[in-house]
Amino acid sequence: ILFALWLILAILDKKYRPNVSPLLYAITITVLILSLSTIFGENPYRSFWSNYERMEGLIGHLHLFAYFLVLISVLKTERGWRWFFYALAGSGAAMAIYGWLQYFGVAAISLQSGTRVDGTFGNATYMAIFMVFQAFLAIYFFLKSQQTWQKVLFAALFFLETPIIIFTATRGAILGFFGGLFLLALFLAVLSKNKRVKIMAAAAASAIILFIGLFWIFKDSDFIKNNYILARFSNISFQERTVESRFTIWKMSFEGFKEHPILGWGIENYNLVFNKYYQPNMYKQEPWFDRSHNVVFDWLISAGLLGFLAYLSIFSGALYILWREYVKNRTLSVEAAVFTGLFAAYFFHNFFVFDNLISYYLFFSVLGFIHFKYEEKKENPELRIYNLESELSLVKMLAIFAVFIALLFSLYFLNIKPVLANRALLDTLKDISIKGQDVDAILKDFDKVFAYRTFGTGEAREQLSGYASNIVKTD
């Protein structure tokens, strides 16, 4: 809906059309390659739609691309971006408070996460990367703020959110977070011209090194062994079950990449690679994986070498924009230091897990801001009052009408129908738990899901198969 409204705005006023930047080029090329990998992949239908669990098919990437275009076209002032991030910081504070309530047992944690804080996401890993982004944004505004009360506020927000990252017990996110902090501190300590900042940054870097050293010295102590979160780090080894499975999955992924090296297998088709190159020593792990749990292999499988290089070009474009001022004037910007540290933490996290809509949303939000810094305009766009008779030509009227029709069509077939099918499937699962022996009623429920003729049909078939198996066992 926002994208359609922006299109109408862009038709009426060219000031709200996107300006080019290395980031816009990189993201556009990446989406184009993902589109080609979808068309020529092993299962174009699944690549386009994905499934309810992941929602990361081509349609998801197209939504993110549309979101990015709206951001860079509408938010064209420092003030606009500041309030946008303030709102984002507010959501981070609310989620952190909810995480603390989970930690103290006031709010429930999902069954999937066990004792690991997961917020309202239902997945501790998603909560972890969400908080990593939020913590770095808090650092950014702490360093940028001029007033004492603002610095106190964002410092408090940072110390509110940082423990939540640890409480998620997500090792990739935690290690990435402290690694990103160390990199940020190193940049400030070495490259900053402010002596006070240099001293504070050096102290922070030293504290991180000291913490890691103390942990390594006392990693076999009872205190660490008896703490679930700390024990997860002290037990890391190449023989540890999760680590061993990662290496096995990556080996399988490499075999899959060699089979389709250029454009990959298509988005969301990792299950085909997993089944074809399955290794018997995976019997100790989950029965199936739909991700390689590694950002490099995930992109190589989804979109091949071309897709992976396009994905890297997004980071390259962002870093070019962030560091061009330092290259020219030897002046380190807060944006360069903070967001480079954030990207390091984010990439390290993804090296052992995978992206999701939560992390993508935050990632594209930051990319939109970096694009703004590339073409920074400090003056507010001039608002115009339109004279419909003089401004709305026949061509513009037809274009706006086409946007409106396209919105109605896409909103129903791409969004609303799958949502209705999903709700029907959830109702079916609830009925199975309540009146599972009434086979006729349950089959009618499934028929309602199938009637929508969406990608939810595939998941409904899986659930129907499981239901039928349980009925046979019961009989």
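See above for the structure.
If you're wondering where the values come from, they're calculated on a predicted model, not measured in any experiment.

A complete count under the given rule lists 57 aromatic pairs for this structure. On the numbers, 5.3 Å between centres and 20° between planes, the contact of W49 with F455 is stacked. Within this pair, whereas W49 is found in helix α3 (residues 44–49), its partner F455 is found in the loop between α19 (439–451) and α20 (456–474), the two being separated by 406 residues in sequence. For W49, a relative accessible area of 14% translates into the label buried.

Turning next to the nonpolar core. Counting residues in each nonpolar core, the largest one holds 111 residues, and the members touching the most others are V132, F136, F339, F343, F363 and L367. It is helix α14 (residues 295–329) that provides the largest number of residues to this core, a total of 17 residues. Dropping the residues within four chain positions of it, V132 is found in contact with I165, A173, F177, L342 and A345. Ranked by size, the runner-up nonpolar core spans 13 residues in total, among them A421, L425, I442 and A460.

The subject of this paragraph is unusual backbone geometry. Even without being glycine, A169 reaches a positive phi, approximately 55°. Mapping A169 onto the fold places it in the loop between α7 (148–167) and α8 (171–191). A169 sits in the buried class, given a relative accessible area of 1%. The phi dihedral of R453 is positive, around 55°, even though this residue is not glycine. Relative to the elements of secondary structure, R453 occurs in the loop between α19 and α20. In this structure R453 comes out as exposed when scored by relative accessible area, which is 71%.

Turning our eyes to something else, we now look at the environment of V70. With respect to the helices, strands and loops of the structure, V70 is situated in helix α4 (residues 58–74). Residues within four places of V70 in sequence aside, it is in contact with L2, F3, W6 and L75.

This paragraph deals with the packing of α14 against helix α16 (residues 357–374). Each pair of packed helices can be summarised by the angle the axes make with each other and by the distance between the axes. For the pair α14 and α16, the least separation of the axes is 9 Å and the interaxial angle reads 40°. Comparing the axis directions of α14 and α16 gives the class oblique. Crossing of α14 against α16: the hand is left-handed. Note on element contacts: α16 touches α14 through Y360, F363, L367, I370, K373 and Y374, opposite W299, I314, F315, A318, Y320, I321, L322 and R324. Grouping the amino acids of the contact of α14 with α16 by side-chain chemistry returns 12 nonpolar, no polar and two charged.

Now for the pattern of salt bridges. Scanning the entire structure with this criterion turns up 10 salt bridges. Measuring nitrogen to oxygen at the nearest pair gives 2.9 Å for the salt bridge that ties D290 to R54. In this pair, D290 is assigned in the loop between α13 (270–276) and α14 and R54 in the loop between α3 and α4, connecting sequence segments 236 residues apart. For the pair formed by D290 and R54, the shared burial category is buried.

Scoring rules and cut-offs
- Residues numbered from 1 in each chain as written.
- Predicted model: local features only at pLDDT ≥ 70, side-chain atom pairs only at ≥ 80, totals over all residues.
- Heavy atoms only, no water.
- Phe/Tyr/Trp six-rings, centres within 6.5 Å; stacked < 30°, edge-to-face > 60°.
- Helix = DSSP H or I, 4+ residues; strand = E, 2+ residues; numbered from the N terminus.
- Buried < 20%, exposed > 50% of the residue type's maximum accessible area, 1.4 Å probe, protein only.
- Core = buried A, V, L, I, M, F, W, Y, C linked by side-chain atoms within 4.5 Å.
- Contact = heavy atoms within 4.5 Å.
- Axes fitted to C-alpha atoms, helices over the stretch in contact; angles between N-to-C directions.
- Parallel < 35°, antiparallel > 145°, perpendicular 65-115°, else oblique.
- Left-handed = near helix turned anticlockwise from the far one by under 90°.
- Nonpolar A, V, L, I, M, F, W, Y, C, P; charged D, E, K, R; others polar.
- Salt bridge = Lys/Arg side-chain N within 4 Å of Asp/Glu carboxyl O.

As far as function goes, none of this settles anything; it's purely spatial.
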